[in-house]
Every structure is written in C-alpha cells, then in structure tokens.
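Structure assessment
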Amino acid sequence: MANSKNLGTASLLAQTSELFGIENEYGTDVTAHLMRKGFSRKGIDLSIEEGKGFLKVAHTFLESDVNIGYLLKEEEDKAMKATQEILNMALHKEQHEIV
C-alpha cells in the first residue's frame, strides 16, 4: 500500500505500481472501480472510463516512448514557420506598395 505522506513523483510511482498490481490480480474493471471509489473519498469525481484511460496511458508510457515533448516542439516549429511566411508575405506586399 502506498504511503499517504509520500508526495510528488515518488507517490505517483508507488501508487501506479500498486494499481498495476491490483489490475494484474483483479483486472482493469475492478481496478477502475476502486480508483473511482478512492478518488471519490478525496472529493474528486472520476469515472470508470477515466480510470481505465489512466491505466492505458500509464501502461503506454511504461512500454514505449511516446515523446509528447517532441510532438510539441514539432507543432511549435510549424507555427513559427507559418508565422514567418505570413510576415514575409506582408513585408513583400508592403515593399510592393511602396514601389
């Protein structure tokens, strides 16, 4: 059982590991129901589907490199390129109007 005084990343890892143990022994549905009940005790409304979604995300992070940070950088680079193209077109238009 996870230590309730254990906070931050260590708490996340300990509680996720505990969830995986429950899931391995009792299945995803039971684990998601227990998650809902546990969150409810903290005043947080968590649906069964959200619990299942968390388990899916956690498993995916453990099993593969999703690399969300890279995707963000890729999108930021696209936005920067689009912004530069718009500025270049505006500058080109302005120079054309001056002539």
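Structural data are supplied above this passage.
A brief look at the structure comes next.

What counts as what
- Residues numbered from 1 in each chain as written.
- Predicted model: local features only at pLDDT ≥ 70, side-chain atom pairs only at ≥ 80, totals over all residues.
- Heavy atoms only, no water.
- Salt bridge = Lys/Arg side-chain N within 4 Å of Asp/Glu carboxyl O.
- Helix = DSSP H or I, 4+ residues; strand = E, 2+ residues; numbered from the N terminus.
- Axes fitted to C-alpha atoms, helices over the stretch in contact; angles between N-to-C directions.
- Parallel < 35°, antiparallel > 145°, perpendicular 65-115°, else oblique.
- Contact = heavy atoms within 4.5 Å.
- Nonpolar A, V, L, I, M, F, W, Y, C, P; charged D, E, K, R; others polar.
- Expected span 1.5 Å × (residues − 1).
- Buried < 20%, exposed > 50% of the residue type's maximum accessible area, 1.4 Å probe, protein only.
- Arc of directions from axis to C-beta.

1. Structural notes on the pattern of salt bridges
Side-chain pairs of opposite charge can arise where the charged atoms are in close proximity. All told, the structure shown has 4 salt bridges when counted by the stated rule. Close ionic contact of Glu-49 with Lys-52 constitutes a salt bridge, the shortest N to O distance being 3.9 Å. Highlighted residues: Glu-49 and Lys-52, both in helix H3 (residues 48-63), separated by 3 residues, approximately one helical turn. Via salt bridges that share partners, Asp-29, Glu-49 and Lys-52 belong to a single interconnected network.

2. A look at the packing of helix H1 (residues 9-26) against H3
Two elements in contact, H1 and H3, have axes whose closest approach is 11 Å; the angle formed by their N-to-C orientations is 105°. One element, H1, and the other, H3, form an angle in the roughly perpendicular class. Packed against H1, whose contacting residues are Thr-16, Leu-19, Phe-20 and Glu-23, the element H3 presents Phe-54, Leu-55, Ala-58, His-59 and Leu-62 at the interface. A per-class count over the contact of H1 with H3 returns 6 nonpolar, 2 polar and 1 charged.

3. Considerations on helix H2 (residues 28-41)
Along its 14 residues, H2 runs 20 Å from first to last C-alpha, staying within 8% of the 20 Å computed at 1.5 Å per residue. For H2, the full list of buried residues reads Thr-31, Ala-32 and Met-35. Looking straight down H2, one finds that the buried residues subtend no more than 100° of arc, so they occupy a single side. Contact partners of the buried residues in H2: H1 and H3.

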